Amino acid sequence: MTELRQKINEAIKFIRTKTDMKPGIGIILGTGLGGLVKEIKKEIVIDYGKIPHFPVSTVESHHGKLIFGTLSGKNIVAMQGRFHMYEGYDLKQVTFPVRVMKFLGVESLLISNAAGALNPLFQKGDVMIMSDHINLLGDNPLIGPNDDELGPRFPDMSEAYSKELIALAEQSALDLKIRVQKGVYVAMPGPNLETRAEYRFLRTIGADAVGMSTVPEDIVAVHMGMKVLGFSILTDECFPDALKPALLEEILKVAMKAEPKMTAIMKEVVKRMKN
Ligand code: HPA
């Protein structure tokens, strides 16, 4: 057995002493986007620090809790607080919880993040459904020996985000009368925000939004055959010719204000999902 499998097994073994729930849906909540937590009928909450091999969150605006419960009547497991490369974790640590989710029974993964808008037709406060991504992290969680029991050496990325779940999200938003955008997310390592020249470059290569997360989790989920749906809350406008300073305080404020739209769509998507 590989070291990774052993670590997953130890994490699962511990979690199974707390709950035998088999969640079909996993949720990862991004920066300032913990509001969905209030909507979850909680069965059990476990601190990341207690779970073997789970990294512990260092960013103050993140809580580190694994929440088991029901949302819209479905069994779910949610990560309140996630890990970023800029905190100093390697991408295997960042994505370890996604591996664990798979072994808990998760088949579909919903991921949210705060991102900057690159597409000039988008506005801060908009919710964007991720249609695809570009990995500019300069790293990949799958580098190193591959465990063929977890997934293939060269995973196909032609459907990095599930077409079926994207359609479900778009229909849900339409029925709820919430305006959504759809576009390509590019992941940068951070922690600094990008320069004007970088924003111009990122727009030129086809990105609609920029952030510092989600891509590693997506890659690992796809590696293990999970379906992924990604949401970006656009917290600031990264238009190179009209750039204003972006302050973390302002980013969190916009995220908090726009979050109820995303929460409503996520709840509706979960309600309409099969598992
Ligand atoms: N870059 C620019 N703006 C942002 C980001 C980012 O990574 N995240 C949220 N707003």
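About the criteria used
Residues numbered from 1 in each chain as written. Predicted model: local features only at pLDDT ≥ 70, side-chain atom pairs only at ≥ 80, totals over all residues. Heavy atoms only, no water. Helix = DSSP H or I, 4+ residues; strand = E, 2+ residues; numbered from the N terminus. Rg over C-alpha atoms; globule rule 2.2 N^0.38 Å. Buried < 20%, exposed > 50% of the residue type's maximum accessible area, 1.4 Å probe, protein only. Contact = heavy atoms within 4.5 Å. Areas by Shrake-Rupley, 256 points an atom, 1.4 Å probe, with all protein chains shown as cover. Lys, Arg positive; Asp, Glu negative; His and termini not counted. Charge placed at Lys NZ, Arg CZ, Asp CG, Glu CD. Salt bridge = Lys/Arg side-chain N within 4 Å of Asp/Glu carboxyl O. Core = buried A, V, L, I, M, F, W, Y, C linked by side-chain atoms within 4.5 Å. Near = heavy atom within 4 Å. Polar contact = N/O pair within 3.5 Å; in protein donor to acceptor, adjacent residues only side chain to side chain. Pairing = 2+ DSSP bridges.

Caption draft 1: Representation of the overall build of the chain. Per the secondary structure count, the chain includes six helices and nine strands. For 275 residues, the compact-globule estimate of 2.2 N^0.38 gives 19 Å, and the C-alpha radius of gyration of the chain, at 18 Å, lies within 12% of that figure. Structurally, the chain occupies a C-alpha span of about 55 × 40 × 35 Å along its principal axes. Per-residue burial over the chain gives 54% buried out of 275 residues. A separation threshold of at least 6 residues defines the contact pool for the chain, and within that pool the share at least 24 residues apart is 84%. Roughly 12,400 Å² of accessible area belongs to the chain as shown, and the carbon and sulfur atoms make up 54% of that amount. Charged side chains in the chain number 34 positive and 33 negative. The centres of these two groups are separated by 5 Å.

Caption draft 2: Structural view of the pattern of salt bridges. Within this structure, the stated rule accounts for 16 salt bridges. The partner of K50 in a salt bridge is D47, with the nearest N and O atoms 3.9 Å apart. Among the ionic pairs, E217 bridges to R82, the shortest N-O distance being 2.9 Å. Here R82 lies in the loop between strand 4 (74–80) and helix 2 (91–104) and E217 lies in helix 5 (residues 215–223), a separation of 135 residues in the sequence. The burial state of E217 is the same as that of R82; both residues are buried. Here the residues in one salt-bridge network are D175, E268, K271 and R272, joined through shared partners.

Caption draft 3: Summary view of the nonpolar core. Judged by nonpolar contacts, the single largest core of 79 residues is most densely connected at I27, L66, F68, L109, L229 and F231. With eight residues, the next largest nonpolar core counts L118, M188, L202 and V210 among its residues.

Caption draft 4: Molecular detail of unusual backbone geometry. Cis geometry marks the peptide bond from G190 to P191; its omega dihedral reads 0 degrees. Relative to the helices and strands, P191 is located in the loop between strand 7 (180–187) and helix 4 (196–204). Residue H53 is not a glycine yet carries a positive backbone phi of 75 degrees. Tracing the backbone through its elements, the reader meets H53 in the loop between strand 2 (41–47) and strand 3 (65–71). Of note, the phi angle at T214 is positive, near 65 degrees, even though the residue is not glycine. Here T214 is to be found in the loop between strand 8 (209–211) and helix 5.

Caption draft 5: The arrangement of the site of the ligand in detail. Taken together, 13 residues surround the ligand, and among them E194, Y199, M212, T235 and D236 come closest. Between a nitrogen atom of the ligand and a side-chain N or O atom of E194, the distance comes to 2.7 Å. Measuring from a nitrogen atom of the ligand, one finds a side-chain N or O atom of T235 at 3.3 Å. For the ligand, whose accessible area on its own is 260 Å², the fraction buried by protein is 95%. Sorting the residues of the shell around the ligand by element identifies strand 5 (108–117), strand 8 and strand 9 (227–237) as the ones contributing at least two each. When residues of the shell around the ligand are assigned to their parent elements, the largest contribution, three residues, is made by strand 5.

Caption draft 6: Local environment of the environment of N75. By secondary structure assignment, the location of N75 is in strand 4. Exposure remark for N75: the relative accessible area of 33% places this residue in the partly exposed category. Sequence separation of N75 and G151 is 76 residues, and the distance between their C-alpha atoms is 25 Å. Other than its neighbours up to four places away in sequence, N75 contacts M21, K22, P23, G24, I25, G69 and T70.

Caption draft 7: Spatial organisation of the pairing of strand 5. When you tally the buried positions in strand 5, you get 10 out of 10 residues, the bulk of the element. As judged from the four bridges shared by strand 1 (residues 25–29) and strand 5, these two strands associate in the parallel manner. Paired with I28 across the two strands is I111, which belongs to strand 5. Both strand 5 and strand 9 contribute to a ladder of 10 bridges, which runs parallel. Bridged to A114 within strand 9 is I233. Where strand 5 lies against strand 8, two bridges are found, and the strand directions are antiparallel.

Caption draft 8: Molecular detail of the environment of F231. Within the fold, F231 resides in strand 9. C-alpha separation for the pair F231 and K253, spaced 22 residues apart in sequence, amounts to 17 Å. Beyond its immediate sequence surroundings of up to four residues, F231 is in contact with I111, S112, N113, V127, M128, I129, M130, A169, M262, I265 and M266.

Purely geometric stuff here, so don't read any function into it on its own.
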